[in-house]
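# Observations on chain architecture
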Amino acid sequence: MDTIVDTLKSKFPFVTPRPSHDQPAVNVPADHLREVAQVLRDDLGYDMLLDLCGVDWDQARPRFGVIYHFYHSGKKTYLRVATLAPDSAAPAVPSLADLWPAGDWHEREAYDMFGIHFEGHPNLTRILMWEGYPYHPLRKEFPLAGIETELPAADTAAATGAKVIAAPMMGGPFQAGTQEHHHMSDAEPRAGDQSWTESKPKPGQKG
Amino acid sequence: MPTSRTEFAYNSKVEGEVVVSQADAVINWVRSHSVWPMPMGLACCAIELMAAGGARFDISRFGMEVMRFSPRQSDCMIVAGTVTYKMAEVVRRIYEQMAAPKWVVAMGACASTGGMYRSYAVLQGVDRIVPVDIYISGCPPRPEALLDGMMLLQDKIRKEQSAYGLLTPRPREPSLVTGRP
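Below is a short write-up of the structure.

Each value, and the rule that gives it
The written sequence of each chain sets the order in which its residues are numbered from 1. Both sets of labels track the order of writing: A upward for chains, 1 upward for ligands. Confidence filtering applies because this is a predicted model: local features only for residues at pLDDT of at least 70, side-chain atom pairs given and counted only at 80 or more, and all residues used for totals across whole chains, interfaces and linings. The basis for every side-chain value is the complete set of heavy atoms in the structure, and neither hydrogens nor water enter the calculation. Secondary structure elements are taken from DSSP: a helix is a run of H or I of four residues or more, a strand is a run of E of two residues or more, and numbering for both begins at the N terminus. Only protein chains enter the accessibility calculation, which uses a 1.4 Å probe; a residue whose area is less than 20% of its type maximum is buried, one above 50% is exposed, and one in between is partly exposed. Note that accessible areas follow from Shrake-Rupley with a 1.4 Å probe, and for residues the cover is restricted to the protein chains shown. For this measure, only C-alpha atoms enter the radius of gyration; the expected value for a globule follows 2.2 Å times N^0.38, where N is the number of residues. What makes two residues a contact is simply this: any of their non-hydrogen atoms within 4.5 Å. Counting rule for charge: Lys and Arg are taken as positive, Asp and Glu as negative, and neither His nor the chain ends is counted. Note on charges: their place is set at NZ of Lys, CZ of Arg, CG of Asp or CD of Glu. Each pair of strands is called paired provided DSSP finds at least two bridges between the two strands. Expected helix span is taken as 1.5 Å per residue step, with the number of steps being one fewer than the number of residues.

## Considering the overall build of chain B
What chain B contains, in helices and strands, is six helices and four strands. Listing each helix as α and each strand as β along chain B from the N terminus yields α-α-β-α-β-α-β-α-β-α. Considering chain B as a whole, with its 181 residues, one finds that 38% of them fall into the buried category. For chain B, the exposed area adds up to about 10,900 Å²; of that, 57% sits on carbon and sulfur atoms.

## Some points on the overall build of chain A
The helix and strand inventory of chain A stands at four helices and seven strands. Counted from the first residue to the last, chain A has its helices and strands arranged as α-β-β-α-β-β-β-β-α-β-α. Taken against the 2.2 N^0.38 rule, which gives 17 Å for 207 residues, the C-alpha radius of gyration of chain A at 23 Å runs more than 25% over that of a compact globule. By its C-alpha atoms, chain A is 75 × 45 × 30 Å across when sized along the principal axes. Within chain A, the proportion of its 207 residues that are buried is 41%. Contacts in chain A between residues far apart in sequence, at least 24 positions, make up 45% of those at least 6 positions apart. Summed over its atoms, the accessible surface of chain A is roughly 11,600 Å², and 54% of this surface lies on carbon and sulfur atoms. For chain A, the distance from the average position of its 19 positive side-chain charges to the average position of its 28 negative side-chain charges is 3 Å.

## Examining the sheet that holds strand E2 (residues 25–27) of chain A
All names here are of chain A. Read from one edge to the other, the open sheet built from five strands follows the order E1-E2-E5-E4-E3, with strand pairing classed as mixed. Looking along the sheet, the strands with just one partner apiece sit at the ends: strand E1 (16–17) and strand E3 (48–56). Bridge count between strand E4 (residues 64–72) and strand E5 (residues 77–84): eight bridges; the pairing is antiparallel. Among the inter-strand pairings, Tyr 71 is bridged to a residue of E5, identified as Tyr 78.

## Observations regarding helix H3 (residues 103–114) of chain A
Residue and element names in this part refer to chain A. For H3, which comprises twelve residues, the first-to-last C-alpha distance of 16 Å matches the rise-based estimate of 16 Å (1.5 Å per residue) to within 8%. Those residues of H3 lying buried are Gly 103, Glu 107, Arg 108, Ala 110, Asp 112, Met 113 and Phe 114. In this structure, the buried side of H3 is in contact with E3, E4 and strand E7 (117–119). Following H3 by one or two positions, Gly 115 adopts a phi angle in the positive range, close to 75°.

Shown next as structure tokens:
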């Protein structure tokens, strides 16, 4: 099963095997990533980049990493490649967008959500949040509710006074019910704090 | 062989030549039965909105079947779905392009309050950027709920003072080009 891991280890001394429950996986240092990727694509037949995602390892140093999933469409096998961005303050890894065009948008997403810079990317701009948004929302220190900031459109903000606000969480993120429900309406998503609803009045309010 | 044609049209001999009513009543009657919606379909609520336009629920019974994808031809924006902060600008801009009189219906939990999306990316209620006339609960609301909301909107339109100020001359707004009235 791990023939691809052995092949890579024999070709590159810096590649180390990575514990995995499902598919072959290796660690590759960021400064050798393009070298390995080129061989994976041209010599070893991994012709698809299925996915890549940023990871925030929180307290660990280096803090940020990127995990790639490659697919060999001939052998129908997968390969997971993990790398770490050496600089935790300004994380950067080389871009693979020129080798697999699929990397283009995925790298933009990882940049948008984690602030990982992909060196050599042709158009490294935000893809989900708007240009000028000051945070990277999937970083560990970023609260789910968000942080108050300005709306992207200045004219809309001026006309309405609306801002990007920290969303009211009401006891946690909304979740669908898990227990047995007699009515469909009971299974609708609801907040963790249901101390007041349509049927239960607000504290201090007459029912 | 028929010698005379049966008259189906308006018969002035029966009805008289004058219909007495109030300008408000006439204008609101016309407006409330010809609400052309602007389908602002942003998420799964839009699927229910489409169902309301289909044969089973048939929103055309209320004169609302003419979904206009141009804001300049529509009267009522139905915000059907989750409005992200990135999309808020677009919703506001389309609302501004609609000609008065215009109404807004917030369809479903997301458009009304942000719904289950208590998140950094989602506008917590479309009423923060456009004035909403009717809120419809549900996640998503069934087509019946949408129709109920639209009938409420019709009731609201019928109570408006549409003729107020209609006959008094209004100062012309300055031209965008010359700046003169």
